[in-house]
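# Observations on chain architecture
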Number of protein chains: 2
Amino acid sequence: MPTLSMFMDVPLVHKLEGSLLKAYKQDDYPNKIFLAYKVCMTNEGHPWVSLVVQKARLQISQDPSLNYEYLPTVGMKSFIQASLELLFGKHSQAIVENRVGGVHTVGDSGAFQLGVQFLRAWHKDARTVYIISSQKELHGLIFQDMGFTVYEYSIWDPKKLCMDPNILLNAVEQIPRGCVLVIGNIIDCKLTPSEWAKLMSMIKSKQIFPFFDIPCQGLYTSDLEEDTRILQYFVSQGVEFFCSQSLSKNFGIYDEGVGILVVVAVNNQQLLCVLSQLMRLAQALWLNPPNTGARIITSILCNPALLGEWKQSLKEVVEKATLTKEKQVEYLVRKKHIYIPRNSQINFSCVNANNIHYITESINEAVLFTEGSEKCLPKETNP
Amino acid sequence: MPTLSMFMDVPLVHKLEGSLLKAYKQDDYPNKIFLAYKVCMTNEGHPWVSLVVQKARLQISQDPSLNYEYLPTVGMKSFIQASLELLFGKHSQAIVENRVGGVHTVGDSGAFQLGVQFLRAWHKDARTVYIISSQKELHGLIFQDMGFTVYEYSIWDPKKLCMDPNILLNAVEQIPRGCVLVIGNIIDCKLTPSEWAKLMSMIKSKQIFPFFDIPCQGLYTSDLEEDTRILQYFVSQGVEFFCSQSLSKNFGIYDEGVGILVVVAVNNQQLLCVLSQLMRLAQALWLNPPNTGARIITSILCNPALLGEWKQSLKEVVEKATLTKEKQVEYLVRKKHIYIPRNSQINFSCVNANNIHYITESINEAVLFTEGSEKCLPKETNP
């Protein structure tokens, strides 16, 4: 047997994303805690799943009329249609004008992979990407791997503890002509009408190509329309863009990779050209996207009763998280003099060796106090 | 609204693969027929599904202990383990020596996409790919898109109406050093021990990298081991290779994209390096592979009763197809003087304007005759 390997020069990749979760799962310590989940967690420490999903799953598995043939490369048509109506609203201008479409992808990573491949092939002048978000995004890696230069802007103001429209506008002002702008979750960034107009004017005049990331519509404010208002605005302004729409987190189907690369074009003719090129690329990537997640979601979105249940479950999960947090945040500010924004996004670089002990004890107190009214209010403490 | 589109230079892709199926599905003619399916079809004209899959699907949907969290990038571990044991046998040398592994992919296209990306990055001297198969393979496109030069060899001898070992050996003889050799379904190509030795010697001395394609283990001969004997031989010879293992067709889960990119290395250390690089690439492709198909297959492979049912269903579908065909083939040769190989792979270029009428009428007769014994034997006809 030869000992000389063809793979001799292949080094081990040491820092794989996800290795934290792996280490956590391999840890036998009974009280282990994982704080890096990117999904809504229940009180029992499980990822949140909308109950209506379980119902739909059971219905599907008992339906003898369903077939399990390959989906076409574009994906499940009814799923794409229902998801686009969810994203833009049924009466959206772009849907009525038949200039919005999508390709069913394997999750949001798949949507970015597909979109970036298209931009590399057909938007050749743009080799620079700016990513604007409240947090570090993974998608930058996909652009980098395909030869783009990536710059990331956080629009979080660590002093004011909120997203700052000025940081956003300044960032876009500095962006050169013709580049790609990835816009992550900026729903908490409240722009005035004149600020919106300024942003749009820069994007149009510099021919910046927007690539939105909508990973969990409905889980920001529980208002499905509110969570995608920025898309409606861009559509109304006749801007062309891509959007990665993921439906894994807001249904709680994390393991099915349910995504769509959404395309908004100026007219139907351009749209069809772009979709045809995307399908050509998707053929090489996975040929046929997976079905289960799309089937579950479609059966919910297209059934008024199930749709109502799903919307209600979104309201409950967001409300519960907000209620719990609001009480705790209020307690921390009023009783413990620890100032945290209402969305509870803490900048951890404000935590240091001098204050960490006081902060953690206070959070503990806040949680204990807000757990139930049977607990008496602990005495006030001053730092 | 601007009428100038950023997508102005993007042309429409006209000839998309799958457009034939699309045209067929849109055709309203009641007696329409689609002869281009690449999967086993039932008598009712539906893609074959192993009945045990339906049972597993129902069990899974009713199991409250299951979670629907993201799979790790490598995929479902138990699925990979069970599938590798299926491919190589539980007691395979490579499994015992811990030098075989795999990454769970979105179908076989995903497996090729991932493997080709790896070869582009880490097997830089190889920019030429030879594809050996009994039929035209789609995977060549994936290599082409990534800058490889692709040559395809059919080892089908249209005169002898069988796969010819000599064509295979001559092809490999002509292949230059250090290239990639994709080996599709060559199970019907019967090599003698000395021919096997000659093939192996050329592959080793020219450092050819084999990339196997096993799209439907168990559906060739219904003997799971027999269908992958070539892999066992390569493992026993200590050769490193990739293999795309698809489990969609042999379970009848066409819509879930269930595949594995299998890696066989000379030792565990090299294997881990290769797997880590593959996971790095898979992160950008889909981040987490879809779960449903893998879960169904694992629940069958790891349950002796369900495994038995699945094996039985494979036997039945292959036997039925073979029995039907064998009777019809025999009828055509003996009664109609039309010579067709036992595997019923007809070379359609032998069909011409002069003989097509006689051939189609004879096939019709053969089918009618072999349908049941209550039908009387039609009188013999000479051409």
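Residues numbered from 1 in each chain as written. Chains lettered and ligands numbered in written order. Predicted model: local features only at pLDDT ≥ 70, side-chain atom pairs only at ≥ 80, totals over all residues. Heavy atoms only, no water.

Test applied: UniProt positions are given in the numbering used here, feature names are shortened, and annotations may be inferred rather than shown by experiment.
With an unreviewed UniProt entry as reference, chain A is termed Putative aspartate aminotransferase, cytoplasmic 2, source organism Aotus nancymaae. The Subcellular location (unreviewed entry) field of the UniProt record for chain A holds the comment "Cytoplasm". Entered under Subunit (unreviewed entry) in the UniProt record, the comment concerning chain A runs "Homodimer."

### So, the overall build of chain A
In plain terms, the rule: Where helices and strands are cited, they refer to DSSP runs of H or I of at least four residues and of E of at least two residues respectively, numbered from the N terminus. Relative accessibility under 20% of the residue-type maximum defines a buried residue, over 50% an exposed one, and the middle range a partly exposed one, all with a 1.4 Å probe and only protein chains included. Computed with a 1.4 Å probe, the accessible areas rest on the Shrake-Rupley method; for each residue, only the protein chains presented here act as cover.
Tallying secondary structure elements over chain A gives 13 helices and nine strands in all. The buried share of chain A, taken over its 383 residues, is 52%. If you sum the accessible surface of chain A, you get close to 18400 Å²; carbon and sulfur atoms cover 55% of it.

### Focus on the relation of the copies chain A and chain B
Here is the rule we go by: Least squares is the method used to superpose the copies, on C-alpha atoms of residues holding a pLDDT of at least 70 in both. In what follows, residue pairs with any heavy atoms lying within 4.5 Å of each other are defined as contacts.
With an RMSD of 0.1 Å, the fit of chain A onto chain B corresponds to turning through 180 degrees and sliding 0.0 Å along the axis. Taken together, the rotation angle and the small translation identify this as a two-fold axis. Taken together, the interface assignments show that 100% of the residues at the interface of chain A recur at the interface of chain B, consistent with an identical surface on both copies.

### What about the packing of aromatic side chains?
Heads up, the rule is: Stacked, edge-to-face and tilted labels apply to pairs of Phe, Tyr and Trp rings (six-membered ring for Trp) whose centres lie within 6.5 Å, assigned for plane angles under 30 degrees, over 60, and everything in between, in that order. Whether a charge sits over a ring comes down to the Lys NZ or Arg CZ being within 6 Å of the ring centre and within 35 degrees of the ring normal.
This structure, assessed with the given rule, holds 42 aromatic pairs over all chains. Considering the side-chain rings of Phe143 of chain A and Phe148 of chain A, the 5.4 Å spacing of their centres and the 90 degrees angle between planes classify their relative orientation as edge-to-face. The residues Phe143 of chain A and Phe148 of chain A share a single accessibility class, namely buried. With a centroid separation of 6.5 Å and an interplanar angle of 70 degrees, the aromatic rings of Phe112 of chain B and Phe143 of chain B are classed as edge-to-face. You can see Phe112 of chain B sitting in helix H5 (residues 107-122) and its partner Phe143 of chain B sitting in helix H6 (residues 139-145), a full 31 residues away along the chain. Accessibility classification places Phe112 of chain B together with Phe143 of chain B in one group, the buried group. Here the guanidinium or amino end of Arg57 of chain B rests over the ring plane of Tyr68 of chain A, the centre of that ring lying 3.7 Å away. Seen from the ring of Phe148 of chain B, Arg127 of chain B lies directly overhead, with NZ or CZ sitting 4.9 Å from the centre.

### Examining the domain arrangement of chain A
Using the following cut-off: Domain ranges listed in this record stem from an automatic or a database domain assignment.
The assigned domain composition of chain A is domain 1 (17-43 + 327-371) and domain 2 (54-308). Put simply, the middle of domain 1 of chain A and the middle of domain 2 of chain A, counted by C-alpha atoms, are 30 Å apart.

### Concerning the sheet that holds strand E9 (residues 258-264) of chain A
All names here are of chain A. Rules: Strand pairing is assigned whenever DSSP detects at least two bridges linking the two strands. An axis is simply a line fitted to the C-alpha atoms; with a helix, the fit covers only the stretch in contact. Between two such axes, the angle follows the N-to-C directions and lies from 0 to 180 degrees.
Taken together, the seven strands give an open sheet; going across it, the order is E1-E9-E8-E7-E6-E2-E3, and neighbouring strands pair in mixed fashion. Looking at the sheet topology across the chains shown, the edges are occupied by strand E1 (100-106) and strand E3 (149-154). The mean inter-strand angle of the sheet, taken between neighbouring strand axes irrespective of direction, is 20 degrees. Taken together, the four bridges between strand E7 (residues 209-214) and strand E8 (residues 241-246) define a ladder with parallel strand orientation. If you follow Phe211 over to E8, its bridge partner there is Phe242. Set on the sheet, helix H3 (residues 77-88) makes contact with E1, E7, E8 and E9; between it and E9 the angle comes to about 70 degrees.

### Points about the interface of chain A and chain B
Rules: Here's the idea: put two parts together, see how much 1.4 Å probe accessible area each one loses, and the total over both is what we call buried area. What counts as a salt bridge is simple: a side-chain nitrogen of Lys or Arg found within 4 Å of a carboxyl oxygen of Asp or Glu. Under this definition, polar contacts are N or O atom pairs within 3.5 Å; protein pairs additionally need one hydrogen-donor-capable and one acceptor-capable atom, and for neighbouring residues in sequence, both atoms have to be side-chain atoms. Only Asp, Glu, Lys and Arg are considered charged, only Ala, Val, Leu, Ile, Met, Phe, Trp, Tyr, Cys and Pro nonpolar, and every remaining residue, Gly among them, polar.
The interface is formed by 78 residues belonging to chain A together with 78 residues belonging to chain B. Here chain A meets chain B over a buried area of about 6900 Å², counting both sides, of which 60% is carbon and sulfur. Our count for the contact surface shared by chain A and chain B stands at four salt bridges. Put simply, chain A and chain B have 26 residue pairs in polar contact (both at pLDDT 80 or more) between them. Broken down by secondary-structure element, the contributors of at least two residues to the side of chain A that touches chain B are helix H2 (51-61), helix H5 (107-122), helix H6 (140-145), E9, helix H10 (268-285) and helix H11 (292-301) of chain A. Ranked by residue count, the leading element in the side of chain A that touches chain B is H10 of chain A, at eleven residues. Across the side of chain A that touches chain B, the residue classes tally to 42 nonpolar, 23 polar and 13 charged.

### Side note on the state of the cysteines
Note on terminology: a disulfide is the covalent bond linking the sulfur atoms of two cysteines. To keep things clear, this is the line we draw: The definition used for a disulfide is geometric: two cysteine sulfur atoms within 2.5 Å.
Counted by the stated rule, this structure contains zero disulfides over all chains. Cys243 of chain A supplies the cysteine sulfur nearest to Cys302 of chain A, a cysteine that is in no disulfide, at a spacing of 19 Å.

### Observations regarding the pairing of strand E2 (residues 128-133) of chain A
Residues and elements named next belong to chain A. Most of E2 sits inside the fold, with five of its six residues counted as buried. In this sheet, E3 lies alongside E2 in parallel orientation, the contact comprising six bridges. By the bridge assignment, Ile131 is partnered in E3 with Glu152.

### Side note on the confidence of the model for chain A
For clarity, the cut-off: Confidence of the prediction at every residue is given by pLDDT, a number between 0 and 100.
Of the residues in chain A, 89% have a pLDDT of 70 or more, and the chain-wide mean is 85. Overall fold confidence (pTM) sits at 0.84, and the ipTM for the predicted complex is 0.80.

### Structural notes on the sheet that holds strand E2 (residues 128-133) of chain B
All names here are of chain B. Strand order in the open sheet formed by seven strands is E1-E9-E8-E7-E6-E2-E3, with mixed pairing between adjacent strands. Only two strands of the sheet have a single neighbouring strand rather than two, namely strand E1 (100-106) and strand E3 (149-154). Strand-to-strand twist in this sheet, taken as the mean axis angle between neighbours without regard to direction, amounts to 20 degrees. Sheet topology places E1 next to strand E9 (residues 258-264); seven bridges connect them, and they run antiparallel.

### Section: the packing of H5 of chain A against H10 of chain A
Residues and elements named next belong to chain A. Counted only if it meets this: Any angle from 65 to 115 degrees is called roughly perpendicular, while one under 35 is roughly parallel, one over 145 is roughly antiparallel, and all others are oblique. We call a crossing left-handed when the near helix sits turned anticlockwise from the far one by less than a right angle, and right-handed when that turn is clockwise.
As a packed pair, H5 and H10 sit with axes 10 Å apart at the nearest point and diverge in direction by 120 degrees. If you check the angle between H5 and H10, you find them oblique. Considering how the two elements wind past one another, H5 and H10 form a crossing that is right-handed. Only Val274, Gln277, Leu278, Leu281, Ala282 and Leu285 of H10 make contact with H5, whose side of the interface consists of Gln113, Leu114, Gln117, Phe118 and Trp122.

### Points about the side chain of Gln328 of chain A
Residue and element names in this part refer to chain A. Among the structural elements, Gln328 can be located in helix H12 (residues 304-336). Residue classification places Gln328 among the buried residues on the basis of a relative accessible area of 17%. Sequence-distant contacts of Gln328, defined by excluding residues within four places in its chain, comprise Ala366, Val367 and Thr370.

### Focus on the pattern of salt bridges
The tally for this structure, following the rule as stated, stands at 14 salt bridges over all chains. Between Asp255 of chain B and Arg295 of chain A there is a salt bridge whose closest N-O contact spans 3.8 Å. Pair noted here: Asp255 of chain B is in the loop between strand E8 (241-246) and E9 and Arg295 of chain A is in helix H11, and the two residues belong to different chains. Each member of the pair Asp255 of chain B and Arg295 of chain A is classed as buried.

### Here we look at unusual backbone geometry
All names here are of chain A. Phi angles above zero are rare outside glycine, and Leu287 is one such case at about 65 degrees. Along the chain, Leu287 falls in the loop between H10 and H11. Exposure remark for Leu287: the relative accessible area of 22% places this residue in the partly exposed category.

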